[in-house]
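Coordinates in review
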Amino acid sequence: MSVSVKICGLSRLEDVVAAHAARANYVGFVFFPKSLRNVSIEQAAALAVDVPVGVCKVALVVNADNAALDAITDAVPLDMLQLHGSESADRVAEVRARYGLPVMKAVGIAEQSDLLKLDDYLAVADQILVDAKPPKDGSLPGGNGLAFDWTLLSGRRWPKPWMLAGGLTPSNVQRALNLTGAQQVDVSSGVESAPGVKDPALMAEFVAAAKGAPKAL
Ligand SMILES: O=C(O)c1ccccc1NCC(=O)[C@H](O)[C@H](O)COP(=O)(O)O
């Protein structure tokens, strides 16, 4: 089976079209006002209707309360919610039950001990996003273009679908897949020409590199 690719932080119609043309399997919309990739509910609703059937539309939120999630899910046709803050396992379960959508929980990794946090979410999340831990003084909990030590994941397997993220680019994604055995990858900064502006050639290069990567044993 070919590797699945999520392209996150889309905010322009031409980027959505190019992501689909590149054969992305998931597209992500960021609802986080401090981010240059932030989209309004109206923007996301307009973008989502142009996403072809079969491409998974993901809303990324950070510690969003029910009022914020109600507003997003009422207006935007979505296929998945990505919780990218410090949401607890109970909150993940609550969101999943309340909205009836699959939930992907992001977990930040910098060192071996961070992997233990993943276990908290295995019973409640539909997928886990194994991402780089943000810098301590950073303003964004994700989308920082930072990689972590992929060898930390060598030989690790989890009983839930998971996605590798953090600092992936067209030139390093094959190596990342080979070292980690990931079957899914998520990229944002690595396919941009400027923060929030996706580059169609980089998206196509990234997806081709990911889907063409030899499988890890
Ligand atoms: O992209 C953002 O601005 C963002 C803001 C707040 C939380 C998460 C955010 N992005 C997450 C992602 O785009 C990806 O899921 C992941 O972190 C990989 O990003 P990158 O290292 O830039 O490829």
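Residues numbered from 1 in each chain as written. Predicted model: local features only at pLDDT ≥ 70, side-chain atom pairs only at ≥ 80, totals over all residues.

The subject of this paragraph is the overall build of the protein chain. Helix and strand counts for the protein chain stand at 7 helices and 10 strands. In summary, the protein chain has a C-alpha radius of gyration of 16 Å against a globular reference of 17 Å for 217 residues, a match within 12%. By principal-axis analysis of the C-alpha atoms, the protein chain measures approximately 40 × 40 × 35 Å. Looking at the protein chain as a whole, 43% of its 217 residues qualify as buried. Partitioning the contacts of the protein chain with sequence separation of at least 6, the portion at a separation of at least 24 is 55%. (Helix = DSSP H or I, 4+ residues; strand = E, 2+ residues; numbered from the N terminus. Rg over C-alpha atoms; globule rule 2.2 N^0.38 Å. Buried ≥ 20, exposed ≤ 12 C-beta atoms within 10 Å, placed from the backbone. Contact = placed C-beta atoms within 7 Å.)

We now examine the site of the ligand. Near the ligand you find 27 residues, and of these Ser35, Gly142, Gly143, Ser188 and Ser189 are the closest. Tallied by class, residues from the shell around the ligand come to 12 nonpolar, 12 polar and 3 charged. (Near = placed C-beta within 6 Å. Nonpolar A, V, L, I, M, F, W, Y, C, P; charged D, E, K, R; others polar.)

The biggest cluster of nonpolar side chains holds 64 residues, and the ones touching the most others in it are Ile7, Ala59, Val130 and Val185. Excluding residues that lie within four positions of it along the chain, Ala59 makes contacts with Phe29, Phe31, Ile72, Val76, Leu78, Leu81 and Gln82. (Core = buried A, V, L, I, M, F, W, Y, C linked by C-beta atoms within 7 Å.)

It is worth spelling out the confidence of the model for the protein chain at this point. Summing up the model confidence of the protein chain, the mean pLDDT is 96 and the portion of residues at 70 or higher is 98%. ipTM for the predicted complex: 0.97, alongside a pTM of 0.96. (pLDDT = per-residue confidence, 0-100.)

Now for the UniProt feature "domain: N-(5'phosphoribosyl) anthranilate isomerase (PRAI)" (unreviewed entry) in the protein chain. On the UniProt side, "domain: N-(5'phosphoribosyl) anthranilate isomerase (PRAI)" (unreviewed entry) is annotated at positions that read residues 5–208 here. Here residues 5–208 is 30% helix and 23% strand, with 10 Å between the C-alpha atoms at its ends. (UniProt positions renumbered as here; feature names shortened; annotations may be inferred.)

Moving on, we get to the environment of Lys211. Here Lys211 lies in helix H7 (residues 200–212). For Lys211, a count of 17 C-beta atoms within 10 Å corresponds to the partly exposed category. Taking the C-alpha atoms as reference, Lys211 lies 23 Å from Asn144; in sequence the two are 67 residues apart. The contacts of Lys211, once residues within four sequence positions are left out, are Ser2, Val3 and Arg23.

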